[in-house]
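# Notes for the structure review
As a plain string of letters, each chain reads:
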Amino acid sequence: MEVGAVRVAEDSDFSSLKDLLDCHTDWKLDYNKGPIKVWTKGLHNTNFKMIKVLANFPEISPEIMYDVLHDPEYRKIWDQHMIESHDIGILNPNNDVGYYSMSCPSPLANRDFVLQRSWLDLGIEKYILNHSVYHINYPPKKGFIRATSYLTGFLVRETEGGGCNLGYISQTDPRGTLPPWLVNKVTQIFGPKMVKSLQKATLGYNEWKSINNPNWKPWHFPEQMRAPRLDINECVMSAAEKKYKYNEEEDSKIGTPSPSRGRKSLKLFKSSKT
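Residues numbered from 1 in each chain as written. Predicted model: local features only at pLDDT ≥ 70, side-chain atom pairs only at ≥ 80, totals over all residues. Heavy atoms only, no water.

## Section: the pairing of strand β10 (residues 164-173)
Across the 10 residues that make up β10, a large majority, 9, are buried. Summarising the sheet, strand β3 (residues 46-57) and β10 pair through 7 bridges and their orientation is antiparallel. Paired with isoleucine 51 across the strands is serine 170, a residue of β10. In this sheet, β10 lies alongside strand β9 (residues 148-158) in antiparallel orientation, the contact comprising 10 bridges. (Buried < 20%, exposed > 50% of the residue type's maximum accessible area, 1.4 Å probe, protein only. Helix = DSSP H or I, 4+ residues; strand = E, 2+ residues; numbered from the N terminus. Pairing = 2+ DSSP bridges.)

Right, dumping it as structure tokens:
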């Protein structure tokens, strides 16, 4: 999907995600521990690598994993990096646009995103995609650097015995002044940490959901969606706005990270909570 374009996801978009997860050609295996494997891949048009994570969880049903990935209220419980998340508008029952902001370890600046999310539940395969888009009412704001998700996707597949296989792909530019080598290194650390957090979150979801609006699941029941219908005209940049560059704030009060500062930031990220 083109960054900035709001449109209904097509079958080919979901198929592309599956192909990226299943084909390991030109990918480098960087992490292989327990049920989790992490690959990275260099791309011709950017210095930021694409990351791929595959994890097998025989104790977690695909339905629970899919619900945890979707449920915005439960995300407040398990996603300790999230500052704010809310819907902006609905394109159709399987596509919406929302806002998400996240904390970064000090001294790095916090990031935020405006994202289109698309999902498809085929039973044995369940897909979630997102990519960055523009919305006129959500310009970059003070205190955050507006990051760009070129592609982020999850694929949850049923495995023999009732467990699930989780696939995750991400190509993201955090923008700001972080050097690509530091971003790529942090990404390799973040992938396994995020998947481990998800694994832990799924184990407590049923108990939590049973006492927290148990019948509310708009990703399954679109009639429960609360956000307004998206005005597509509000998601189209004017010619003047296209010339405007997202705020390239410094990533810390100390300015552009040097290699030594980058190593300090990396150490802080490793030690931060997941």
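## Side note on the environment of lysine 217
Relative to the helices and strands, lysine 217 is located in the loop between α4 (180-209) and α5 (239-243). Apart from residues no more than four positions distant in its own chain, lysine 217 is found in contact with Asp67, Tyr205, Lys209 and Gln224. (Contact = heavy atoms within 4.5 Å.)

## A word on the packing of helix α2 (residues 62-70) against α4
Two elements in contact, α2 and α4, have axes separated by 9 Å at closest approach and are oriented at 100°. Classified by the angle between their axes, α2 and α4 sit roughly perpendicular to one another. From α2, Ile64, Met65, Asp67, Val68 and Leu69 reach across to α4, where they touch Leu198, Ala201, Thr202, Tyr205 and Asn206. Across the contact of α2 with α4, the residue classes break down as 7 nonpolar, 2 polar and 1 charged. (Axes fitted to C-alpha atoms, helices over the stretch in contact; angles between N-to-C directions. Parallel < 35°, antiparallel > 145°, perpendicular 65-115°, else oblique. Nonpolar A, V, L, I, M, F, W, Y, C, P; charged D, E, K, R; others polar.)

## Things to note about unusual backbone geometry
Positioned with a positive phi, arginine 175 is a non-glycine residue whose angle comes to about 55°. Among the secondary structure elements, arginine 175 is positioned in the loop between β10 and α4. Among the residues examined, arginine 175 registers a relative accessible area of 17% and is labelled buried. If you check the backbone angles, asparagine 213 has positive phi at about 50° while not being a glycine. In this structure, asparagine 213 sits in the loop between α4 and α5.

## Considering the pairing of β3
Burial within β3 is extensive, with 9 of its 12 residues counted as buried. Pairing of strand β2 (residues 36-43) with β3, which is carried by 7 bridges, proceeds in the antiparallel orientation. Bridging across to β3, lysine 41 finds its partner in methionine 50. From the end of β2 to the start of β3, which pair antiparallel, there are 2 residues.

Keep in mind these numbers describe shape, not what the thing actually does.
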